[in-house]
Amino acid sequence: MKRLAVIVKPQNVSDIISSLKEMGLEATIYDIRGTGKEKERVASGRGSGTFELAYSTRKVVATVVKSDDVNEVVERLKKALAGEKAVVMISPVDDLVML
C-alpha cells in the first residue's frame, strides 16, 4: 500500500475530493502554511492596498491506496486539477491497523 499526500491550493480541494470519491477512496484534509516561491497577496481593507504574507496557505489531501492503483489515481488527479499546480508525495505504508 502507498500513502498519497497531495498539496494543493484551497480552491482545488473539492476537485481532488470529487475525483477520489469517484474511485471509492476516502481522504483526510490538513490545513498547512509554508514559505516558497509563491506569495499570497491580501487586501488590507477599505482600499488601502495589498500586502504579501510571509507564508502561503495550502491544503494537504491524504489517502491510502493499493500499490497497483497509484498510477491510475495520480492520472485521475492530474485530470481533476486541469493544469493547476500540485505536489504529490508518495510513501510506502507497511501496516494499516483499523481501531
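Refer to the structure presented above.
Residues numbered from 1 in each chain as written. Predicted model: local features only at pLDDT ≥ 70, side-chain atom pairs only at ≥ 80, totals over all residues. Heavy atoms only, no water.

### A word on the overall build of the protein
Selection criterion: In DSSP terms, a helix is any run of H or I states spanning at least four residues, a strand is any run of E spanning at least two, and both are numbered starting from the N terminus. Burial here depends on accessible area, computed with a 1.4 Å probe over protein chains only, as a share of the maximum for the residue type. Under 20% is buried, over 50% is exposed, and the range in between is partly exposed. Surface accessibility in these figures is a Shrake-Rupley result with a 1.4 Å probe; residues are shielded only by whichever protein chains are displayed.
Scanning the protein from N- to C-terminus turns up two helices and six strands. Across the 99 residues of the protein, 25% fall into the buried class. Just so you have it, the protein exposes about 7,200 Å², and 50% of that area is on carbon and sulfur atoms.

### Remarks on the packing of helix α1 (residues 13-22) against helix α2 (residues 70-81)
Quick reminder of the rule: Working convention: axes come from line fits to C-alpha atoms, limited for helices to the stretch in contact. Angles between N-to-C directions cover 0 to 180 degrees. Throughout, the term roughly parallel applies to angles under 35 degrees, roughly antiparallel to angles over 145, roughly perpendicular to angles from 65 to 115, and oblique to all others. Helix crossings get a hand from a simple test, with the near helix turned counterclockwise from the far one by less than a right angle marking a left-handed crossing and a clockwise turn marking a right-handed one. Whether two residues touch is decided by their heavy atoms; if any such pair falls within 4.5 Å, the residues are in contact. Gly is placed with the polar residues, together with every amino acid not listed as nonpolar (Ala, Val, Leu, Ile, Met, Phe, Trp, Tyr, Cys and Pro) or charged (Asp, Glu, Lys and Arg).
α2 packs onto α1 with a crossing angle of 140° between their chain directions and a minimal axis gap of 9 Å. By the criterion of interaxial angle, the relationship of α1 to α2 is oblique. Handedness of the crossing formed by α1 with α2: right-handed. Contacts between α1 and α2 involve D15, I16, S19, L20 and E22 from the first element and V73, R76, L77, A80 and L81 from the second. By residue class, the composition of the contact of α1 with α2 is six nonpolar, one polar and three charged.

### A few points about the sheet that holds strand β2 (residues 28-34)
Basically, it comes down to this: Strands qualify as paired when DSSP identifies two bridges or more between them.
The four strands are arranged β2-β5-β1-β6 in an open sheet whose pairing can be described as antiparallel. Taken across any chain shown, the strands that pair with only one partner, and hence form the sheet edges, are β2 and β6 (87-92). Pairs of neighbouring strands in the sheet enclose a mean axial angle of 25°, with direction left out of account. With six bridges joining them, strand β1 (residues 2-8) and β6 adopt antiparallel strand pairing. Residue pairing across strands places V6 opposite V88, the latter belonging to β6. Strands β1, β2 and β5 (56-65) of the sheet are contacted by α1, whose axis makes an angle of about 5° with β5. Each of β1, β5 and β6 touches α2; the most contacted strand, β1, lies at about 15° to it.

### Description of the side chain of T63
Which entries qualify depends on this criterion: Pairs of N or O atoms within 3.5 Å make up the polar contacts considered here, provided that, within protein, one atom can donate a hydrogen while the other can accept it, and that residues adjacent in sequence are counted only when both atoms are side-chain atoms.
Mapped onto the fold, T63 is located in strand β5. According to the relative accessible area criterion, T63 is buried, its value standing at 9%. Separated by 2.6 Å, the side chain of T63 and the backbone oxygen of E26 make a polar contact. Those residues in contact with T63 that lie beyond four places of it in its chain are K2, R3, L4, L20, L25, E26 and A27.

### Concerning a nonpolar patch on the surface
For the record, the criterion: Residues form patches when they are more than 30% accessible in relative terms and have no salt bridge. Like charges link within 9 Å. Nonpolar side chains (Val, Leu, Ile, Met, Phe, Trp, Tyr) link within 5 Å. When a carboxyl oxygen of Asp or Glu lies within 4 Å of a side-chain nitrogen of Lys or Arg, that pair is called a salt bridge.
There is a patch of nonpolar side chains on the surface, built from M1, V64, L96 and M98 and spanning about 410 Å² of accessible area. Relative to the elements of secondary structure, M98 occurs in the segment after β6. What makes M98 exposed here is its relative accessible area of 74%.

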